[in-house]
Amino acid sequence: MIEMSNVYKKYSNGITAINGLDVRIEQGEFVYVVGPSGAGKSTFIKMIYREEVPTKGTVKVGEFDLVNLKPKKIPFLRRHVGVVFQDFKLLPRLTVYENVAYAMQVLEKNPKQIQKRVLEVLDLVGLKHKVRMFPNELSGGEQQRIAIARAIANMPRVLIADEPTGNLDPETAWGIMDLLEEINNQGTTIIMATHNSEIVNRVRHRVLAVENGRIARDQEEGEYGYEV
Amino acid sequence: MKFRTVKRHIAESFRSIIRNGWMTLAAISAVAVTLLLVGSFIALLMNVNKLASDIENDVSIRVHVDLAAEEADREALQESLEGLENVESVEFSSREEELDNVIGSYGDAFGLFDGDNNPLYDVFVVNTTTPEQTAEVAQQAETLDYVAEVNYGGSDADRLFKVMGTVRNVGVVIIVALVFTAVFLIANTIRITIFSRRTEIEIMKLVGATNWFIRWPFLIEGALIGLIGALIPVSIISYVYLRGFDTIMNYLSGTYFALLPPNPFLILLVAALLSIGVIIGSLGSAMSIRKFLKV
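Residues numbered from 1 in each chain as written. Chains lettered and ligands numbered in written order. Predicted model: local features only at pLDDT ≥ 70, side-chain atom pairs only at ≥ 80, totals over all residues.

## With respect to the overall build of chain A
Regarding its fold elements, chain A presents 7 helices and 10 strands. Looking at chain A residue by residue over its 228 residues, the buried ones come to 41%. Long-range pairs, those at least 24 residues apart, make up 67% of the contacts in chain A with a sequence separation of at least 6. (Helix = DSSP H or I, 4+ residues; strand = E, 2+ residues; numbered from the N terminus. Buried ≥ 20, exposed ≤ 12 C-beta atoms within 10 Å, placed from the backbone. Contact = placed C-beta atoms within 7 Å.)

## Description of the sheet that holds strand β8 (residues 189-193) of chain A
Residue and element names in this part refer to chain A. On the basis of which strands lie adjacent, the open sheet formed by 6 strands has the order β6-β7-β8-β3-β9-β10 and mixed pairing. Since the sheet does not close on itself, it has two edges, and those belong to β6 (81-84) and β10 (214-219), each with one partner. Averaged over all pairs of adjacent strands, the angle between their axes in this sheet comes to 20 degrees, without regard to strand direction. The sheet strands contacting helix α5 (residues 140-152) are β6 and β7 (158-162), and the helix crosses β6 at an angle near 170 degrees. (Pairing = 2+ DSSP bridges. Axes fitted to C-alpha atoms, helices over the stretch in contact; angles between N-to-C directions.)

## What to know about the confidence of the model for chain B
When pLDDT is averaged along chain B, the result is 83; 98% of the residues meet or exceed 70. Reported for the predicted complex are a pTM of 0.69 and an ipTM of 0.82. (pLDDT = per-residue confidence, 0-100.)

## Considering the pairing of β8(A)
All names here are of chain A. Summarising burial for β8: 5 of the 5 residues are buried, a large majority. Because side chains alternate across β8, one face comprises the buried residues T189, I191 and A193, and the other comprises I190 and M192, equally buried. As defined by bridge partners, strand β3 (residues 30-34) adjoins β8 across 4 bridges and the pair is classed as parallel. Counted as the bridge partner of Y32 is M192 from β8. With 5 bridges joining them, β7 and β8 adopt parallel strand pairing. When the bridges of β8 are listed, V158 appears paired with T189. Following the backbone out of β7, through helix α6 (residues 170-185) and into the adjacent parallel β8, one traces a crossover that is right-handed. (Right-handed = clockwise from strand over helix to strand, strands pointing away.)

## Quick word on the interface of chain A and chain B
Across the boundary between the two partners, chain A contributes 14 residues, which contact 13 residues of chain B. Listed by contribution, the elements that provide at least two residues to the side of chain A that touches chain B are α2 (74-78) and α3 (96-105) of chain A. The dominant element in the side of chain A that touches chain B, judged by the number of residues it contributes, is α3(A), at 3 residues. The class makeup of the residues in the side of chain A that touches chain B is 6 nonpolar, 1 polar and 7 charged. (Nonpolar A, V, L, I, M, F, W, Y, C, P; charged D, E, K, R; others polar.)

## Notes on the nonpolar core
By size, the foremost hydrophobic cluster in this structure holds 105 residues, and its most contacted members are A:V33, A:V100 and A:I160. Considering every element that reaches this core, the biggest residue donor is helix α8 (residues 211-252) of chain B, with 13 residues. In this structure, B:I61, B:V65, B:V123 and B:A141 belong to the second largest nonpolar core, which totals 12 residues. (Core = buried A, V, L, I, M, F, W, Y, C linked by C-beta atoms within 7 Å.)

Given below as structure tokens:
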């Protein structure tokens, strides 16, 4: 499903973020990406939804060859890859409903279908009753749920979560984890970069440890493995 | 693109204009002020130009034919005048026609001079190929037989031609400079309004919007801002021009001078200002978001 082989990424400022990385992630897996700051985690994640392009090597997501992907085709890749960020990245001027609907309007779906699906995903994240509110009227955990609802509205095959619990208190973080588990159970691949050792150690999944731009450890049901 | 997407883009751009109230207002004011300047200068300079041409064209050499001249002499004179270098046309105007002109301009009182009382001369009206050659041709005409008198503006006319040439060139330079300033100012203001929304564009790209899906609402919004911004100076200029035209034309009645009539001048000016507004508005926003689309 996601395949990277012999990937290098050197930024124009001379920093080599990814240094000969190989990995393969199958459809439906739940993968934690851990590792110290500056080890290449973010770059690794960004290469999956093509915010960054490797300098060398191949990256494949489904049928998309990301290295040779024309800029014009990027939007079509992103419709298969939902992304959730630490800082939520909701559109501040749109209501909860509009934020989620936006991801579907982009695909020119018909309004009936959009309405049905938006309410469906908002129900899934437990915020159906807040459709008319604006992001700044919600708590951090609620905003992250909206961001997740938006990311899965188009039923992507992959959901990337870049430190989704980074800004949340522990209790809220567990709520987000439950939600991601549920989405994973429906068959969506989840790739989650995190610094939260408690989550990684308690909800066991495959762990990819990125260090010095490589996969230093690839362990099924692995531990977080770093001192907190 | 599906029809409902078109509808969505239009609705979205209107919503954005309202939600970004102050930014929209700033952009519209910038467009309005610059186009008011550009439009007023164009109207002013084009009319100065028009008056200049009127004055220049008004300068023709009037060769008065000696009363002693027989018809054959007169025809010979016409031939010699036509034979002079740089002469474009020679028109004969008999003393009766001259009197009719005077009566037409100054009133029936001059009707008293009808028939044998007519004090005027037969006249050849000589036009030169370019106004600058007037003096030279006039001098040559004076030396011909049966010429009683040669009239033209003299050194005043010469000076006038020079001044008019300068005015014209300066005018063109000012208009071009103003249009450039307008383009720059409007594009820049729109860029600032869009800069404040770059995260929005980034998010749109991340959820899989194509560049054109993002671009359309901005394009329409820019065009609307340009249009609304242009409508303000267009109304002001139209009102002032129409009022001013009537007033000034009253003063100018009976002279050779006239302002450019509102139809077609004002209509063309309005069309030009509106298109400048719309085109710069939409192009300005299209160009401004280009940088942010590369996510």
